[in-house]
Amino acid sequence: MIYFSVAHRIDQDAGRFRQIVRGQVRRNLRKYMSNGELIGRQGKDLVSIPVPQIELPHFRFGQKQMGGVGQGDGDVGTPLGPGNPGDGSGEAGDQPGRHILEVEMSLQELAEILGEELELPRIQPKGKRNVEGGVVRYTGIRRVGPESLRSFKRTYRAALKRQLAAGLYNPERPIVIPIRDDIRYRSWEVHPRPQSNAVIFYMMDVSGSMTRNKKELVRLTAFWIDTWLRANYKNLEVRYIVHDAAAKEVDGHTFYHLRESGGTRISSAYQLCRKIMTEEYDPEDWNLYAFHFSDGENFGGSDDELCREILEEWLLPRVNLFGYGQVPGGYGRMFLDTIKKIENEKLAYATIKNNDAIYDTIKTFLGKGL
Amino acid sequence: MIAPALPPDLAELQAEIEAYAREYGLDFPEIRYQMLDYKTMNLVAAYDGFPTRYPHWRFGMEYERLSKSYAYGLHRIYEMVINTDPCYAYLLVSNLRVDQKLVMAHVCGHADFFKNNLWFAHTNRKMLDEMANHAARIRSYINRYGLEAVEQFLDACLSLDNLIDIHAPGVKRRPEVEDSPPEEMTAIPKLKAKDYMDPFINPPEYIAAQQQKLQAAREQRKQFPEQPERDVLLFLMHYAPLENWQRDILGIVREEAYYFAPQRQTKIMNEGWASYWHSTIMTQRALKPEELIDYADHHAGTIAAHPGRLNPYRLGLELFRDIEDRWNRGAFGPEYEACDSLEARRNWDRQLGLGREKIFEVRRIYNDVGFIDAFLTEDFAREHKLFAFAYNERQEQYEISSRDFQEIKRKLLFQLTNFGQPIIDVVDANYENRGELYLVHRHEGIDLDVPFAEATLENLHFIWNRPVHLETVVQDSGRVLFSFGPDGPRQRKLD
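Residues numbered from 1 in each chain as written. Chains lettered and ligands numbered in written order. Predicted model: local features only at pLDDT ≥ 70, side-chain atom pairs only at ≥ 80, totals over all residues. Heavy atoms only, no water.

## Comments concerning the pattern of salt bridges
In step 1: Throughout the structure, instances matching the rule amount to 48 salt bridges over all chains.
In step 2: The partner of A:Glu109 in a salt bridge is A:Arg18, and the shortest N-O contact between them spans 3.9 Å. Within this pair, whereas A:Glu109 is found in helix α4 (residues 107–118), its partner A:Arg18 is found in helix α1 (residues 4–27), the two being separated by 91 residues in sequence.
In step 3: Judged by its relative accessible area of 18%, A:Glu109 falls in the buried class.
In step 4: Between B:Arg329 and B:Asp325 there is a salt bridge, with the nearest N and O atoms lying 3.2 Å from each other. Here B:Arg329 and its partner B:Asp325 are both found in helix α13 (residues 312–329), four residues apart, which amounts to about one turn of the helix. (Salt bridge = Lys/Arg side-chain N within 4 Å of Asp/Glu carboxyl O. Helix = DSSP H or I, 4+ residues; strand = E, 2+ residues; numbered from the N terminus. Buried < 20%, exposed > 50% of the residue type's maximum accessible area, 1.4 Å probe, protein only.)

Okay, structure coming up:
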């Protein structure tokens, strides 16, 4: 039997399978985006995605009523431990278990699907000055180098030249003997590869009115923003700023879990953001993103004006994109109304009513391709 | 990646092990081993042991699953053997020598089982070629009709591939079609009798009953199909409005389903038999002292009892050993059954020595259902701590539900009947005189998985091209008719 073609064939079948998975994920993207299933299943580069409907359906018995036969100690009523006890029917190993299939997909791939489905434009990064590493190419020749890089052809050519010049070369007896000076080595060049860096500032209101559910909306939205931007920039940093009446920088975990009870002064966050940007991120070198989430309540009209001023005068000219997402639940005058008054193509805003709105929010935020 | 021939030392080993096996009376065709690395092994396993299968994503899915679980160290395939003549078996290159020994002895058991068990008698022993043939045909359809179309149809067929009649190869379901139908009987013939005796010799009730039967038979003939048809795939091949290539694909799926069916019907016996022989050959003949620990470790791994799960290797092996022991002692028959002294039963010994003979007979004529039914005894169940488990809705977990022997046996048999698949017949192909297909699930206490059933109906509708119906029972609502038509799924209660 010949096996060399088998490997090729399984690659085809596995490839087709992945294609189907991709299609499934794409079809169900809105669902995945709204229920947060994927968060927490994400490793460094991979995300594990539960794909329910990929198994071929059959007429089969419902599992729960079925029960089965097992072997071991225990009295009537002893639990078998969590999860499935497996097929008791003596078919162990014969069929895959009845689990929901989980497939691993790289975040890059997920971002591609996101991009295709939401028709997100590619981001044109600015600032090509940041150089990170480069590609090594063997392009030249030199007289010194390690023996492993010795170039025989060039060495003998040099020897031949020398012998011709010195009149030592005899065409009747074409012997070429290189001496120390003839030896040539291959040399390399490092080609710099421009890299673009990006930083995301997430700002969120953590005052008393922001409940856990609202923060969950922020978290889901942020996950997808991260996924997309990470696919577009090699080097992505994320900074988190929380604010109530005053702002401070925190880590990612604290960002989503902190709860304060104070009032709300949005300008404090914008000021802190401005401060960090000034100190650490030169807009010439960095692609700057800032997203702010709140329920729309802000203390006093004067603070709204201050925010507007910071945005218009300072932040918007520097950032690639500023996104404002308003989650529901605020009372009275809405900060969104202030935002709406600003006309700037780098500004995107959305109301995140519920989980289903995340899909459209992402589209609004990232659809600009900035 | 051409599979290397068996290295000389292993070829020697093969000859040695096979000589032992034949001495014990095992009877198997020539066995050809292929050495595979783990990657190729997973790959061949994903194709059910047949290197040339038609292209389908499900093989890719299976391969990914196997590779992943291998990478995480969850499983490892030491060996695989397929039912062909000559019998092909695959060995993992990285096995220890003692593993190869064990595996070869195990393979001899399987090969003997394939050849001699009656349920395999009808399988095609040239299946390697046949599968390659199927692959070539499906490939050519893909080239001609496109991947999407072929795949969609193939998916639909595969989703129905458990709707076969596993007893069909052995049973003649209906009489041959006769050329001229027998003369229609219109009146019930009366026995000759004098007038006054007539009511006694030809009682009017009897005549009326016969008349009714005749009527019913006539009605029946108008039905289509006349008898409920269990081989749904065959029925669809004959009567569904299909293109030739579609009919061919359906036929391919059906043929492969029939080929694999006996393996699913005899899993416990087949693995038990092979385990019985590897342990017998190894411990009595082949094992070297220095190999003992490794052998014991791997054998124990194979037949380990996992809590809450029934290991077919273990159950089969122990049952064969139990049968051998009982028939050696003569511990069977009415006299033994009638004896109710545990002491006497335990020490029962008639010195019959029929054990070996009996297990060879058992491996010839039984499948798992018969095997469990005939040989799973109360003593055995107690000794091996068998239990039945069920899902406890309140606790949301599986629990041991019973240690009662009858209950255990009932459950086990239920799971093995029709290889654990629901029994579903085509009852009417012209339902409501509208050419709709009507299937009935023979409900025996366990409901169908409803979301899956609906999805499967959709596939059936894709093939039948007219509305399709499935009658079944749902625990809380009684008889229910699930339908799928152009307007999508529907369901309604029947009573």
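So much for the structure itself; the text now carries on.
## Re the packing of helix α1 (residues 8–23) of chain B against helix α4 (residues 97–116) of chain B
All names here are of chain B.
In step 1: Relative to each other, α1 and α4 sit at 40°, their axes nearing to 10 Å. Judged by the angle between their axes, α1 and α4 are oblique. Seen from above, α1 lies across α4 with right-handed handedness. Residues Asp9, Leu10, Leu13, Gln14, Ile17, Glu18 and Ala21 of α1 pack against Arg97, Gln100, Lys101, Met104, Ala105 and Cys108 of α4.
In step 2: Of the residues assigned to the contact of α1 with α4, the class counts are seven nonpolar, two polar and four charged. (Axes fitted to C-alpha atoms, helices over the stretch in contact; angles between N-to-C directions. Parallel < 35°, antiparallel > 145°, perpendicular 65-115°, else oblique. Left-handed = near helix turned anticlockwise from the far one by under 90°. Contact = heavy atoms within 4.5 Å. Nonpolar A, V, L, I, M, F, W, Y, C, P; charged D, E, K, R; others polar.)

## Observations regarding the packing of aromatic side chains
All names here are of chain B.
In step 1: Counting across every chain of the model gives 47 aromatic pairs over all chains.
In step 2: Between the aromatic rings of Tyr24 and Trp277, the centroid separation amounts to 5.3 Å while the plane-to-plane angle is 50°, which identifies the pairing as tilted. With a gap of 253 residues between them, Tyr24 in the loop between α1 and β1 (31–36) and Trp277 in helix α11 (residues 267–286) connect regions that are remote in the sequence. Each of the two residues, Tyr24 as well as Trp277, counts as buried.
In step 3: For the ring pair Phe113 and Phe120, a centre distance of 6.0 Å and an interplane angle of 80° mean the geometry is edge-to-face. Of the two residues examined, Phe113 and Phe120, each falls in the buried class.
In step 4: The structure contains a cluster of three or more aromatic residues connected by ring pairs, namely Tyr24, Trp273, Tyr276, Trp277, Phe320, Trp327, Phe332, Phe360, Tyr366, Phe371 and Phe375. (Phe/Tyr/Trp six-rings, centres within 6.5 Å; stacked < 30°, edge-to-face > 60°.)

## So, the interface of chain B and chain A
In step 1: Taken together, the contact pairs 93 residues of chain B with 58 residues of chain A.
In step 2: A buried area of about 6,800 Å², summed over both sides, lies between chain B and chain A, and 61% of it is on carbon and sulfur atoms.
In step 3: It is B:Trp57, B:Tyr398 and B:Phe452 in chain B that bury the most area against chain A; as a group they hold 12% of the surface buried on that side.
In step 4: Where chain B packs against chain A, one counts five salt bridges.
In step 5: Counting the contacts that link chain B with chain A gives 23 residue pairs in polar contact (both at pLDDT 80 or more).
In step 6: Broken down by element, the side of chain B that touches chain A gets its largest block of residues, ten residues, from helix α3 (residues 57–71) of chain B.
In step 7: The residue makeup of the side of chain B that touches chain A, split by class, is 51 nonpolar, 21 polar and 21 charged.
In step 8: Of the pairings in the sheet, the one linking strand β2 (residues 68–71) of chain A to strand β4 (residues 386–392) of chain B comprises four bridges and is antiparallel in character. Opposite A:Val69, over in β4(B), you have B:Ala388 as the bridge partner. (Buried area = accessible area lost by both parts, 1.4 Å probe. Polar contact = N/O pair within 3.5 Å; in protein donor to acceptor, adjacent residues only side chain to side chain. Pairing = 2+ DSSP bridges.)

## What to know about the domain arrangement of chain B
Residue and element names in this part refer to chain B.
In step 1: Structurally, chain B comprises domain 1 (8–117 + 266–297), domain 2 (128–168 + 230–264), domain 3 (187–229), domain 4 (303–417) and domain 5 (422–493).
In step 2: Each of domain 2 and domain 3 has a C-alpha centre, and these two points are 44 Å apart.
In step 3: Looking only at domain 2, the three residues that lose the most surface to domain 3 are Arg230, Phe235 and Tyr239, adding up to 81% of its buried area.
In step 4: There are one residue pair in polar contact (both at pLDDT 80 or more) connecting domain 2 and domain 3.
In step 5: Grouping the constituent residues of the side of domain 2 that touches domain 3 by class yields three nonpolar, no polar and two charged. (Domains from an automatic or database assignment.)

## So, the sheet that holds strand β2 (residues 79–81) of chain B
Residues and elements named next belong to chain B.
In step 1: Ordered by their spatial adjacency, three strands build an open sheet running β1-β3-β2, and the pairing between neighbours is mixed. Sheet topology places β1 and β2 at the edges, where each strand pairs with a single neighbour. Strand-to-strand twist across the sheet, computed as the mean angle between neighbouring axes with direction ignored, equals 20°.
In step 2: Here β2 runs beside strand β3 (residues 87–92); their pairing, made up of three bridges, is antiparallel. Residue pairing in the sheet places Val81 in a bridge with Ala89 of β3.
In step 3: Here α4 sits on the sheet in contact with β1, β2 and β3, set at roughly 20° to β2.

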